[in-house]
Amino acid sequence: MSAVAGASNLTAPGVVASALGPRFGTAAGRLALVRDPLRMSLFVLTILTISRVHEHYHLLEKSRPALLLVIASIGYAYLNPRYLTRMNVLTLWPMRLIAALGVLACGSVAFGISLGGSALFILNSYVKTLAYAFLIAVSIRHVRDLFTFVWAYVISCGILAFFSIFVFGIHKSGNSYVTRLANLYTYDSNDLCVVMMVGLPLTLLLLTVERGAKRWFLLLILAGISVTIARSGSRGGFLGFIAVGAAGLMLVKGVSAARRLAVLAAALFALAVGAPPGYWQQMRTILAPTEDYNYSDREGRKAVMERGIGYMTQYPAFGLGIDNFARAECTISPKIESSRLNGPLRCTAPHNSYLQAGAELGFPGLLVWASLVMGAIVAPLRLRRRLPRSWLRGSAAERFIYGATSFFPVAMVGFAVTSFFVSFAWMDPVYLMAALLTGLYVAAHAQFEGVTLDSGGRSSQIASPSAVGGWRVRQSEWRSSIMAKATRSTR
C-alpha cells in the first residue's frame, strides 16, 4: 500500500514539475523566445507581414525583405528538418481547411469569370499567404515556439499603434462625422481594426505569463491598440472592440472577474482619451442603420451584399474566381444597366469577408472559410475542457497553454466581427491564427510528453509526467482523445 501511495504522490503536478526543473517550465522558470535561425527568420517575417513596417522605409521596401525571408526560411527548414515539428500538421483540422481553401482557389481559376485575374492573384499573393501559414505551423514544436510567434504578432500591433498615433495623419471624409486615420499603407482604417482586434487578446495572453518590464511594455501596447481603434473612426472596429470585451468577460478562465473588468475599463478609458473629434457621434449612427448611406446608396454595403448573394447563386460551385469580385462589379453586375443614369461605374470591393469567400469561391468556399473562423472559436474551448485544471496555477508553459485556450477564441471573435465589414478573406491574420491554433495542439501534446529544447535547439524528450507509470495510465486516454478530435475537420 505504501508503494502505491508513493507512486500516486509522484503523479501530483507540483511534485512532477519540481522534479523536472525550470527547463521543463516550472513556476520558477520563465518562457523565453526561441532564437534559432528559423524561428528568428519567421519572427521577423511575421512582424513585416502583419505590421507592414517595411513600407514606411522605401529603401527597405525595394529590397523585398518578406520575400527574402520566406525563401531563407524555406531553405533553412529544408536543410535542417530537425528544427520542424515531427507531427504531420495536415492531420490537424485547421491546416486541412487551409489546404482545402487552396484547392478551391485553384478550382475557381478555371471556372471563374477571369482565369488570368485569379491566377495572377494566386501567384502574386495568395500562395505566399498559404506558404507563410504552413511555415509557421510546421515550425511550432512546443510551447516556446508558440510563445515566440505570439510575441511577433503583438509586437506588430505595437508598431502599427505607434505609426497610427505618431506617423499616420487623420482627416475628415465627406460621408463621416469623425476625423479618422488616413494615408496608411496596405491597410485602410477599417482593415487596421481587424489586425488590432486579433492582437488585443494575444497581448492579454502574454500579460498572464510576463513580469517586470515586459509587462509594462505589453500594457503600453494595449493602450496603443485602444487609441488606434478610436483614431480609426471605424464603426466595425468599435463593434469588434465591444465583442472582444464581452468575449473576454465570458470566455476567459484563470483571471478573476475583477481583473478582467479592470482591464476592460482601462482599455475603454484609453479609447475615450484617444477618440478624435466626432468619434462618438459617428458611433451613434450604428443605432440608426437605415439612415446611413450604406443602406440606400448603390455602392453601399446593403446593395453590394445583395449583388454578392446574386453572384453566389449565379456561380454556386466555384464562384466568380478568387479576387474577381471587383471585376464582376464592372462586367456582369446588375448596376451596369443604370450606370448611364447614375454616374460612372465603380468596381466595388465586397467589404465583407464572408461575402467575399462565398462570391469568389462559391458555397463550398463559404462553408470552408466560415468553418475555419467559427471552428477557431469553438475548438480551443473544447481543448481547454481536456486540460488539467492544475495548469491554471502551474508552470509558465502550462499557464500559457491554458491561457491560449481562452484568449485564442477571444481573438477569433474579434476577427469574426470586424472581418464582417472588410474584405479580409484572403489576408494573413486568419491563416496565421489557424497556424497558431495548430501549434497550440502540438504544444499541448508536447507538454504532456515532456518535450523541450536541447542545447542544439532541437526538440528532445526528457523526464516527463508521462514517464511516471500512474500518470501515463491516467493521461494516455486524454492524449488519444485530444489528437483524434483535433484531426477531424469541423462540421
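Our structure's up above, just so we're on the same page.
All values derive from a computational prediction rather than experimental measurement. (Residues numbered from 1 in each chain as written. Predicted model: local features only at pLDDT ≥ 70, side-chain atom pairs only at ≥ 80, totals over all residues. Heavy atoms only, no water.)

### With respect to the overall build of the protein chain
Part 1: Each helix and strand counted, the protein chain has 21 helices and four strands in total.
Part 2: Considering the protein chain as a whole, with its 491 residues, one finds that 56% of them fall into the buried category.
Part 3: Considering only residue pairs separated by 6 or more positions, the protein chain has 78% of its internal contacts joining residues 24 or more positions apart.
Part 4: Of the roughly 20,800 Å² of accessible surface on the protein chain, a fraction of 64% belongs to carbon and sulfur atoms. (Helix = DSSP H or I, 4+ residues; strand = E, 2+ residues; numbered from the N terminus. Buried < 20%, exposed > 50% of the residue type's maximum accessible area, 1.4 Å probe, protein only. Contact = heavy atoms within 4.5 Å. Areas by Shrake-Rupley, 256 points an atom, 1.4 Å probe, with all protein chains shown as cover.)

### Brief notes about the pattern of salt bridges
Part 1: According to the stated counting rule, one finds twelve salt bridges in the structure shown.
Part 2: Of the charged contacts, one joins Arg141 and Asp36 as a salt bridge, the two residues approaching to 3.7 Å between their closest N and O atoms. One end of the pair, Arg141, is in the loop between helix H7 (115-138) and helix H8 (143-166); the other, Asp36, is in the loop between helix H2 (13-20) and helix H3 (37-51), and 105 residues separate them in sequence.
Part 3: Take Asp36: its relative accessible area is 9%, and that puts it in the buried class.
Part 4: Between Arg235 and Asp292 there is a salt bridge whose closest N-O contact spans 2.8 Å. Of this pair, Arg235 sits in helix H11 (residues 235-251) while Asp292 sits in the loop between helix H13 (279-284) and helix H14 (293-296), and the two are 57 residues apart along the sequence.
Part 5: What makes Asp292 buried here is its relative accessible area of 13%.
Part 6: Connected through salt bridges with shared partners, the residues Arg298, Glu299, Arg307, Glu329 and Lys335 form a single ionic network. (Salt bridge = Lys/Arg side-chain N within 4 Å of Asp/Glu carboxyl O.)

### With respect to the packing of H3 against helix H5 (residues 65-79)
Part 1: Packing of H3 against H5 brings their axes to within 9 Å, and their N-to-C directions diverge by 155 degrees. Judged by the angle between their axes, H3 and H5 are roughly antiparallel. As for the relative orientation of H3 and H5, their crossing is left-handed in sense. Of the residues in H5, those touching H3 at Pro37, Leu38, Ser41, Leu42, Val44, Leu45 and Leu48 are Pro65, Ala66, Leu69, Val70, Ser73, Tyr76 and Ala77. (Axes fitted to C-alpha atoms, helices over the stretch in contact; angles between N-to-C directions. Parallel < 35°, antiparallel > 145°, perpendicular 65-115°, else oblique. Left-handed = near helix turned anticlockwise from the far one by under 90°.)

### Examining the layout of surface pockets
Part 1: Of the voids in this model, the second largest pocket is the one considered here, and its volume is about 700 Å³.
Part 2: Forming the boundary of the second largest pocket are 30 residues, of which Leu204, Thr208, Val255, Arg259 and Phe407 lie nearest the centre.
Part 3: At the level of elements, helix H9 (189-207), helix H10 (213-232), H11, helix H12 (257-274) and helix H19 (396-418) are the ones that each hand at least two residues to the lining of the second largest pocket.
Part 4: Of the residues that constitute the lining of the second largest pocket, the class distribution is 17 nonpolar, six polar and seven charged. (1 Å grid on protein atoms, 1.4 Å probe; cavity = no way out; pocket = protein on both sides within 12 Å on 5 of 7 lines; lining within 4 Å. Points joined across faces, edges and corners; volume = space filled by probe spheres on them. Nonpolar A, V, L, I, M, F, W, Y, C, P; charged D, E, K, R; others polar.)

### Structural notes on the state of the cysteines
Part 1: For the structure shown, the criterion picks out one disulfide.
Part 2: Two residues share a disulfide in this structure: Cys330 and Cys347, whose sulfurs sit 1.9 Å from each other. Of note, the bridge from Cys330 to Cys347 carries an S-S torsion of about -120 degrees and is left-handed in sense. Within this pair, whereas Cys330 is found in the loop between helix H16 (325-329) and helix H17 (339-342), its partner Cys347 is found in the loop between H17 and helix H18 (353-384), the two being separated by 17 residues in sequence.
Part 3: Of the residues examined, Cys347 reaches a relative accessible area of 47% and is grouped as partly exposed. (Disulfide = S-S within 2.5 Å.)

### Examining the nonpolar core
Part 1: Membership of the largest hydrophobic core comes to 133 residues, with the highest contact counts inside it found for Tyr126, Trp369, Phe400, Phe408, Trp426, Tyr431 and Leu436.
Part 2: Ranked by size, the runner-up nonpolar core spans eight residues in total, among them Tyr311, Met312, Phe325 and Ala359. (Core = buried A, V, L, I, M, F, W, Y, C linked by side-chain atoms within 4.5 Å.)

### A look at H11
Part 1: For H11, which comprises 17 residues, the first-to-last C-alpha distance of 24 Å matches the rise-based estimate of 24 Å (1.5 Å per residue) to within 8%.
Part 2: H11 sits mainly inside the fold: twelve of its 17 residues count as buried.
Part 3: Listing the buried residues of H11 in full gives Arg235, Gly236, Gly237, Phe238, Gly240, Phe241, Ala243, Val244, Gly245, Ala247, Gly248 and Leu251.
Part 4: Capping the start of H11, Ser234 holds a side-chain oxygen 3.3 Å from the backbone nitrogen of Gly236, two or three residues further along. (Expected span 1.5 Å × (residues − 1). Polar contact = N/O pair within 3.5 Å; in protein donor to acceptor, adjacent residues only side chain to side chain.)

### Regarding the packing of H8 against H9
Part 1: Contact pair H8 / H9: the axes reach a minimum separation of 9 Å and the direction vectors enclose 130 degrees. The orientation of H8 with respect to H9, classified from their angle, is oblique. Like other packed secondary-structure pairs, H8 and H9 cross with a definite hand, here left-handed. Judged by residue contacts, Phe147, Val150, Trp151, Tyr153, Val154, Cys157, Leu160, Ala161 and Ser164 of H8 engage Leu192, Val195, Met196, Val198, Gly199, Leu202, Thr203, Leu205 and Leu206 from H9.
Part 2: Its residues assigned to classes, the contact of H8 with H9 shows 15 nonpolar, three polar and no charged.

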